[in-house]
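The primary structure of each chain is shown beneath.
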Amino acid sequence: MTLPEDLEKAARAFGLKLRDHPLIQEYLAAKQKLEADAEARALDERCEAMRLDLVARQQAGEMLPRAEVDTYYALNRQARAHPLIAERDRTLQAAKAYLVQVGQDLSVALGVDYTALAID
Amino acid sequence: MTTTYQPEVSVKAETDLLAGLIKAQPAFTAFMKAYQALDADQEAQRLIQEGQSLNSRMMFDDAEAARARFHEVLEQFNQLDSVKAYRQAELALRELMCLVDAVISESAGIDFAVNAQRRSCCGG
């Protein structure tokens, strides 16, 4: 399926308008700073990879070894304490609060829950 | 001290235009039609209510019997034409919405639908 041209244009314009919002701009700037720092990026990626692995195994029914969970928590604390990761997290939360409101407004305009339908 | 005024960025016009164009899509109108048909299907609604009742009962003494009956009800529900039509229409609408969201997210520089989800008070 491909989108009709007018719908794709409208979706693009909508996205670009979101991007203009100060909260999205702050998040993008923080994200860029994090990605430009090799050490911070590696820490962030390692932590996220570990989290996804543990979640997948737990959902598959595995009893996660306590030591592994503790290792993850320690790594997560280290990541959250890194200034660039903390700034990215802070600005992402602020951006989310804005996007939740925009999502609700779009759902009201549609008459259906947009996020419930648009997530794979 | 000088303060800099930052005008609020309103996305209302873009929201209204986008919503209007989505609602004009065949997948959307087909979904709304299928939803209304399912809502009007008395047998489907009866089975939904029975299923909800059995779901509650599964926590109590006759859990085994309730669970067995629940599976029967679910099987009957899945066979209804209105249910099959609704699921097919929902699948098509989901495909459309995912495509729309991919375009929005690429332009915005941030995943839109994923980050626009409301969380419950329990963090779910």
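Computed from a prediction, not measured in an experiment: that's the story for all the values here.

Structural notes on the interface of chain A and chain B
The extent of an interface is frequently quoted as the accessible surface area lost upon association of the parts.
So, step 1. If you look at the interface, chain A gives 45 residues, while chain B gives 43 residues.
So, step 2. Contact between chain A and chain B buries roughly 4000 Å² in total, counting both sides, with carbon and sulfur atoms accounting for 72%.
So, step 3. In terms of surface lost to chain B, no three residues of chain A exceed Met1(A), Tyr114(A) and Leu117(A), which account for 17% of the buried area on that side.
So, step 4. Taken together, the connections running from chain A to chain B amount to two salt bridges.
So, step 5. The interface formed by chain A and chain B contains eight residue pairs in polar contact (both at pLDDT 80 or more).
So, step 6. For the side of chain A that touches chain B, the elements supplying multiple residues, two or more each, are helix H1 (5–20), helix H2 (22–36), helix H5 (83–110) and helix H6 (114–118) of chain A.
So, step 7. Among the elements that take part in the side of chain A that touches chain B, H1(A) stands out by supplying 14 residues, more than any other.

Looking at the packing of helix H3 (residues 38–59) of chain A against H5(A)
Residues and elements named next belong to chain A.
So, step 1. Two numbers describe how H3 lies on H5: the axes approach to 9 Å, and their chain directions differ by 60°. When the interaxial angle is binned, H3 and H5 end up oblique. Contacts from Ala40, Leu43 and Asp44 of H3 reach H5 at Leu84, Ile85 and Arg88.
So, step 2. In terms of residue class, the contact of H3 with H5 is built from four nonpolar, no polar and two charged.

Remarks on the pattern of salt bridges
So, step 1. Inspection of the entire model under this criterion finds 22 salt bridges over all chains.
So, step 2. Put simply, Asp70(A) and Arg66(A) hold a salt bridge, and the shortest N to O gap is 3.2 Å. A residue pair is termed a helical-turn pair when its members lie 3 or 4 positions apart in one helix, as Asp70(A) and Arg66(A) do in helix H4 (residues 66–81) at four residues.
So, step 3. The class of Asp70(A) is partly exposed, set by a relative accessible area of 35%.
So, step 4. A relative accessible area of 59% means that Arg66(A) is categorised as exposed.
So, step 5. What you see here is one network of salt bridges that share partners, running through Glu43(B), Arg46(B), Glu50(B), Arg69(B) and Glu72(B).

Focus on the confidence of the model for chain B
So, step 1. For chain B, the average pLDDT comes to 90, and 89% of its residues sit at 70 or higher.
So, step 2. The model gives residues 2–6 of chain B a pLDDT under 50, and that stretch makes one contact with residues more than four places away or in other chains.

Brief notes about the nonpolar core
One recurring pattern in soluble globular proteins: nonpolar side chains tend to sit buried together.
So, step 1. One finds Leu18(A), Tyr114(A), Leu18(B) and Phe112(B) to be the most contacted residues of the largest nonpolar core, which totals 52 residues.
So, step 2. Considering each element in turn, this core owes the most residues, 10 residues, to helix H5 (residues 81–108) of chain B.
So, step 3. Every residue in contact with Phe112(B), bar those within four places of it in the chain, is listed here: Phe14(A), Leu18(A), Leu99(A), Val102(A), Gly103(A), Leu106(A), Tyr114(A), Asp101(B), Ile104(B) and Ser105(B).
So, step 4. Among the nonpolar cores identified, the runner-up in size contains nine residues, and Leu43(A), Cys47(A), Ala79(A) and Ile85(A) belong to it.

Quick notes on the packing of aromatic side chains
So, step 1. Evaluation of the coordinates by the stated rule reveals five aromatic pairs over all chains.
So, step 2. For the ring pair Phe14(A) and Phe112(B), a centre distance of 5.5 Å and an interplane angle of 70° mean the geometry is edge-to-face. Of the two residues, Phe14(A) sits in helix H1 while Phe112(B) sits in helix H6 (residues 112–115), which places them in two different chains.
So, step 3. Seen in terms of ring centroids, Phe31(B) and Tyr86(B) are 5.4 Å apart; in terms of plane orientation they differ by 45°. Their pairing is tilted. Linking Phe31(B) in helix H2 (residues 26–40) with Tyr86(B) in helix H5, this pair joins segments that are 55 residues apart in sequence. Neither Phe31(B) nor Tyr86(B) differs from the other in exposure class; each is buried.
So, step 4. By the ring-pair criterion, three or more aromatic residues cluster together here, those being Phe14(A), Tyr114(A) and Phe112(B).

About the thresholds
Residues numbered from 1 in each chain as written. Chains lettered and ligands numbered in written order. Predicted model: local features only at pLDDT ≥ 70, side-chain atom pairs only at ≥ 80, totals over all residues. Heavy atoms only, no water. Contact = heavy atoms within 4.5 Å. Buried area = accessible area lost by both parts, 1.4 Å probe. Salt bridge = Lys/Arg side-chain N within 4 Å of Asp/Glu carboxyl O. Polar contact = N/O pair within 3.5 Å; in protein donor to acceptor, adjacent residues only side chain to side chain. Helix = DSSP H or I, 4+ residues; strand = E, 2+ residues; numbered from the N terminus. Axes fitted to C-alpha atoms, helices over the stretch in contact; angles between N-to-C directions. Parallel < 35°, antiparallel > 145°, perpendicular 65-115°, else oblique. Nonpolar A, V, L, I, M, F, W, Y, C, P; charged D, E, K, R; others polar. Buried < 20%, exposed > 50% of the residue type's maximum accessible area, 1.4 Å probe, protein only. pLDDT = per-residue confidence, 0-100. Core = buried A, V, L, I, M, F, W, Y, C linked by side-chain atoms within 4.5 Å. Phe/Tyr/Trp six-rings, centres within 6.5 Å; stacked < 30°, edge-to-face > 60°.

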